[in-house]
Every structure is written in structure tokens, then in C-alpha cells.
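Examination of the molecular architecture
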Amino acid sequence: MAVKKKAAPKKKAAVKKAPAKKAAAKKPAAKKAAVKKAPAKKAPAKKAPAKKAKVKRKPSAAFMKPQQPDAALAAVVGDKAIPRTEITKKVWAYIKKNKLQDDKNKRMINADAKLSGLFGKKKQVSMFELTKLINDHLVK
């Protein structure tokens, strides 16, 4: 059996302390508070992950299914069966062409001779009601 010898203790190197700054101690307390610290540096921004190639989205088949308008709606958009999206575009084109939006409240649409058949007894409807009214005039 081999006997292990203990290592001799290492001598510590003498560490010199930096002399304390006496000038800071002489400053009044008010000036110490006025000293501003340097702003902390922000971590560098992370790089965004690589973007995926955009894939053109296919429209829903329900929107693209041709719908047959009834007589009241056909007066505005024509009597051919077309998708609901195209019907809405044609109604809005008619509204803008004939300046049927209310001057004070652009969300309201005023009825004329052709649109009065769509609106029923109302003289004015909101643009949010318009889609519902159009859907009511599609033959299912």
C-alpha cells in the first residue's frame, strides 16, 4: 500500500487593495444623488425566424358557389347567377356610383327606386344590415 503524502499548503499571494477614493467622501450628500448612472446596455435583438413562402389561399367553396338573385336584387346586379362576393361588390358599386351613402353618417345607405325593393319598407339601412338583406334576396 502506498501512503499518500499531504500536499504542502500553498502560500497565498499578497493582494493589494486599491486605495479608497477620499474625494467622493468629501462631496455633499445632495451631489451624490445627482450623479447619474450610465444606462444599462440592452441585449442585442434576436433575429426573426426565417419566413415561410406565402401560399395563395383558396377561397371557400361556399362563397364561390353561384347564387341566383330574385327580381328585386336582379334590378341592381343583373339576373345571372353569380357568387355572393360578386353580388356584394356590384351592390356597393351601385351605391357609390349613385352616391347613396348618407353625407353625415357614411355607415348609413339611403334607398332609391331600385334599392327600395331590397330594403323593404325602410328608407335607410346601415351597411351591416345590407349583407343580411342581400342574403334574404338570394334564391336558395
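Values in this document were obtained by computation on a predicted structure and should not be read as measured data. (Residues numbered from 1 in each chain as written. Predicted model: local features only at pLDDT ≥ 70, side-chain atom pairs only at ≥ 80, totals over all residues. Heavy atoms only, no water.)

Tallying each qualifying case throughout the model produces 3 salt bridges. Ionic pairing is found between K89 and E86, a salt bridge with its closest N-O pair at 3.6 Å. Residue K89 and its partner E86 are both found in helix α5 (residues 84-97); the two are separated by 3 residues, about one turn of the helix. Look at K89 and you get exposed, because its relative accessible area is 55%. (Salt bridge = Lys/Arg side-chain N within 4 Å of Asp/Glu carboxyl O. Helix = DSSP H or I, 4+ residues; strand = E, 2+ residues; numbered from the N terminus. Buried < 20%, exposed > 50% of the residue type's maximum accessible area, 1.4 Å probe, protein only.)

Under the 1.5 Å per step criterion, the end-to-end length of α5 is 20 Å for 14 residues, consistent within 8% with the ideal 20 Å. Within α5, burial applies to I87, V91, Y94 and I95. Down the axis, α5 shows its buried residues gathered within 100° of arc, on one side only. The outward face of α5, more than 90 degrees from its buried face, is lined by the exposed residues K89, K96 and K97. Taken together, the buried residues of α5 touch α4 (71-77), β2 (108-110), α7 (127-136) and β4 (138-139). Positioned one or two residues after α5, K99 has a phi angle of 50°, which is positive. (Expected span 1.5 Å × (residues − 1). Arc of directions from axis to C-beta. Contact = heavy atoms within 4.5 Å.)

This paragraph deals with the nonpolar core. Grouped burial of nonpolar side chains is what soluble globular proteins tend to show. Ranked by internal contacts, the top residues of the largest apolar core, which has 18 residues, are L73, I87, V91, L115 and F119. Listed by contribution, the elements that provide at least two residues to this core are α4, α5, α6 (116-119) and α7. Top contributing element to this core by residue count: α5, with 4 residues. (Core = buried A, V, L, I, M, F, W, Y, C linked by side-chain atoms within 4.5 Å.)

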